Amino acid sequence: MGTHILALDQGTTSSRAIVFDRQGQPIAQAQQEFEQIFPHPGHVEHDPEQIWQSQRQVAEDALRQAGVSPEQVAAIGVTNQRETTILWDRQTGRPVANAIVWQSRITADICERLRADGCEPVFREKTGLVLDPYFSGTKITYLLDSIDGLRSRAEKGEILFGTVDTFLIWRLSGGRLHVTDPSNASRTLLYNIHTRQWDDELLSLLEVPRAMLPEVRSSSEVYGQTDSDLFGAAIPIAGNAGDQQAAAFGQTCFEPGMAKNTYGTGCFLLLNTGRQPVASQQGLLTTIGWQLGEETTYCLEGSVFVAGAVIQWLRDGLGIIERAEQSEELAATVTDAGGVYFVPAFVGLGAPYWDAAARGTIVGLTRGTSRAHLVRAALESMAFQTRDVLEAMQQDAGLKLSALRVDGGASANSLLMQFQADILGTPVQRPVVQETTALGAAYLAGLAVGFWKDQNELQAYWTLDREFRPDMATEQRERLYAGWKEAVQRSLRWEKTGKPATG
Ligand code: ADP
């Protein structure tokens, strides 16, 4: 039995590998960035070979740094940027094109056409998603349409599809495994989250041949072994989940009503809704969190487009702070935002407003407004937007949030975390180990090989760095939140109606 677990965390801008010990502590990590390819506006690609090479390299580096031999690795867990789509040749293993990254809008036309044909409800009902270029399905359609002869080769089983997890596991296993897990499959627009099968109706709407799809295995089981030439010993590949779901697992959000929020450039929220999928009335996504054995855990997912990015804007756009961390000191010099609200709708607003025409708005300025008030209002906007999404989730699910577990760069800001607890009226818990995504993948792999006994054991390893308890009177909380809602109203529809006509 090995002594460590190796987690591979293949992200949008970098590949990372982390070695975890028996207590779920990271003992070594390596990271490598790779190229972002922008062939034209709105389109983003990655070179799958670069993804693979960088991922392989960091895995070796992390093991070397940890002083852990491949024989000592009990299992490998994989987590990945989701939805990014790769097609490759089954025979040669070579990609037929660059990966189309989740951010790419290149399939907007395909989505538009399907919507015009009235297909949106069937996708929404069966997959829990919305018809958007973000998800893998239309990216496959696009590649099959744009490369000569590819569709007929795919029909014959010569061309394989995979999200990044699938491609990595294929390469790790020396081309023996073509598998994915439900958390990744549920982001493709092809997978029925109720029956937990690839869905013939969806396949036919998107004209995707079934022969190219990977087998969907659970998120935690031994899929197979790494090719022994790769690291010098065959290692079981035993865990797989998309990055956000892996983070929720790493935060041990195992019970319905538990949620995690990652405060990065944007925010990513996931609420565990238990064994049944919950259809959202407010445009949130229904997704599979993970599958253990035959047991599937469903989540509601929502995101905030601009969160930490608002602090970047204060730094790089306005130049009123020099470093992101400075926002905390500065905000702490005032007791509140002085009535200022900052709605960072730079790219419109998502759930629950769904207004692409909303634009950034600052209201409540007076002669007494200082730089500190503005910074504080910017920080508070992350907390208000998080409450917006969590309220929508709780309504959809008929669940009461028990606690919010946090991670990501901006969760280091304690003033923000205290305000988050205050504005939610719910405790906010920040763990010691912030590498929750990689940790989740490690946990899934470790459970499969008996490195860890069960989820209870994992829960015991989740260690609190700090808990922020609500410390604001209900009346004040609701008054502040009502002010936010009013400020949001002022930001809506600006691109359409507020902006003076030009020309
Ligand atoms: P991503 O993975 O999206 O790049 P990270 O998790 O690395 O994001 O977090 C970086 C984001 O968090 C940046 O947008 C930055 O402005 C913000 N940020 C980092 N530290 C702080 C802080 N102490 N207070 C507020 N925001 C912060």
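As a reminder, the structure under discussion sits directly above these lines.
Residues numbered from 1 in each chain as written. Predicted model: local features only at pLDDT ≥ 70, side-chain atom pairs only at ≥ 80, totals over all residues. Heavy atoms only, no water.

(A) Broad picture of the sheet that holds strand β23 (residues 464-468). Spatially, β17-β18-β16-β15-β21-β22-β23 is the arrangement adopted by the 7 strands of the open sheet, whose pairing is mixed. Only two strands of the sheet have a single partner each, and these edge strands are β17 (285-292) and β23. Here the strands of the sheet are splayed against their neighbours by 25° on average, with no regard to which way each runs. (Pairing = 2+ DSSP bridges. Helix = DSSP H or I, 4+ residues; strand = E, 2+ residues; numbered from the N terminus. Axes fitted to C-alpha atoms, helices over the stretch in contact; angles between N-to-C directions.)

(B) Layout of the environment of Tyr353. With respect to the helices, strands and loops of the structure, Tyr353 is situated in the loop between β19 (341-343) and β20 (361-363). Considered as a pair, Tyr353 and Gln489 are 136 residues apart in the sequence and their alpha carbons are 9.6 Å apart. In this structure, Tyr353 is in contact with Asp388, Trp484, Lys485, Val488 and Leu492, ignoring residues within four places of it in sequence. Among the polar contacts listed, one links the side chain of Tyr353 to the side chain of Asp388, at a separation of 2.8 Å. There is a polar contact of 3.3 Å between the side chain of Tyr353 and the side chain of Lys485. (Contact = heavy atoms within 4.5 Å. Polar contact = N/O pair within 3.5 Å; in protein donor to acceptor, adjacent residues only side chain to side chain.)

(C) Focus on the packing of aromatic side chains. Counted according to the given criterion, the structure contains 17 aromatic pairs. Ring centres 5.5 Å apart and planes at 55° place the aromatic pair Trp313 and Phe346 in the tilted group. One end of the pair, Trp313, is in helix α11 (residues 308-318); the other, Phe346, is in the loop between β19 and β20, with 33 residues separating them in the sequence. Assessed through its relative accessible area of 30%, Phe346 is described here as partly exposed. Three or more aromatic residues joined by ring pairs form one cluster here, namely Tyr341, Phe384, Phe419, Tyr481 and Trp484. Over the ring of Phe451 we find Arg22; its NZ or CZ atom is 4.2 Å from the centre of that ring. The side chain of Arg405 reaches across the aromatic face of Trp462, ending 3.5 Å from its centre. (Phe/Tyr/Trp six-rings, centres within 6.5 Å; stacked < 30°, edge-to-face > 60°. Buried < 20%, exposed > 50% of the residue type's maximum accessible area, 1.4 Å probe, protein only. Lys NZ or Arg CZ within 6 Å of the ring centre and 35° of its normal.)

(D) Representation of unusual backbone geometry in the model. At the junction of Ala351 and Pro352, the peptide bond is cis and its omega measures out at -5° in the coordinates. Within the secondary structure layout, Pro352 lies in the loop between β19 and β20. Backbone geometry at Thr252 places phi at a positive 50°, although glycine is not the residue there. Note that Thr252 resides in the loop between α10 (243-250) and β15 (258-263). The class for Thr252 is buried, based on a relative accessible area of 0%. Even without being a glycine, Arg493 presents a positive backbone phi close to 60°.

(E) Broad picture of the state of the cysteines. The tally for this structure, following the rule as stated, stands at 0 disulfides. No disulfide involves Cys119; its nearest neighbouring cysteine sulfur is the one of Cys111, lying 11 Å away. Summary of cysteine pairing: Cys299 is not part of a disulfide, and the nearest cysteine sulfur, belonging to Cys253, is at 8.2 Å. (Disulfide = S-S within 2.5 Å.)

(F) Looking closely at helix α14 (residues 414-424). A large share of α14 lies buried, amounting to 10 of its 11 residues. At the C-terminal side of α14, Gly425 shows a positive phi close to 70°.

(G) Spotlight on a nonpolar patch on the surface. A cluster of nonpolar side chains, Trp313, Leu318, Ile362 and Leu365, forms an exposed patch at the surface whose accessible area comes to about 340 Å². By the element assignment, Leu318 lies in helix α11. For Leu318, a relative accessible area of 40% translates into the label partly exposed. (Patch = residues over 30% accessible without salt bridge, like charges linked within 9 Å, V, L, I, M, F, W, Y side chains within 5 Å. Areas by Shrake-Rupley, 256 points an atom, 1.4 Å probe, with all protein chains shown as cover. Salt bridge = Lys/Arg side-chain N within 4 Å of Asp/Glu carboxyl O.)

(H) Representation of empty space enclosed by the protein in the model. Here the structure, examined in full by the defined rule, presents 3 cavities of 30 Å³ or more. There is about 110 Å³ of room inside the largest cavity. The wall of the largest cavity is formed by 14 residues, among which Val304, Leu349, Gly350, Ala351 and Gln385 lie closest to the centre. Among the elements of the structure, β18 (295-304) and α13 (371-397) are those that each provide at least two residues to the lining of the largest cavity. Broken down by class, the residue content of the lining of the largest cavity amounts to 9 nonpolar, 4 polar and 1 charged. For the second largest cavity, the calculated volume is near 80 Å³. No other element matches helix α15 (residues 436-448), which puts 3 residues into the lining of the second largest cavity. Each residue belonging to the lining of the second largest cavity can be placed in one class, and the counts come to 7 nonpolar, 6 polar and no charged. (1 Å grid on protein atoms, 1.4 Å probe; cavity = no way out; pocket = protein on both sides within 12 Å on 5 of 7 lines; lining within 4 Å. Points joined across faces, edges and corners; volume = space filled by probe spheres on them. Nonpolar A, V, L, I, M, F, W, Y, C, P; charged D, E, K, R; others polar.)

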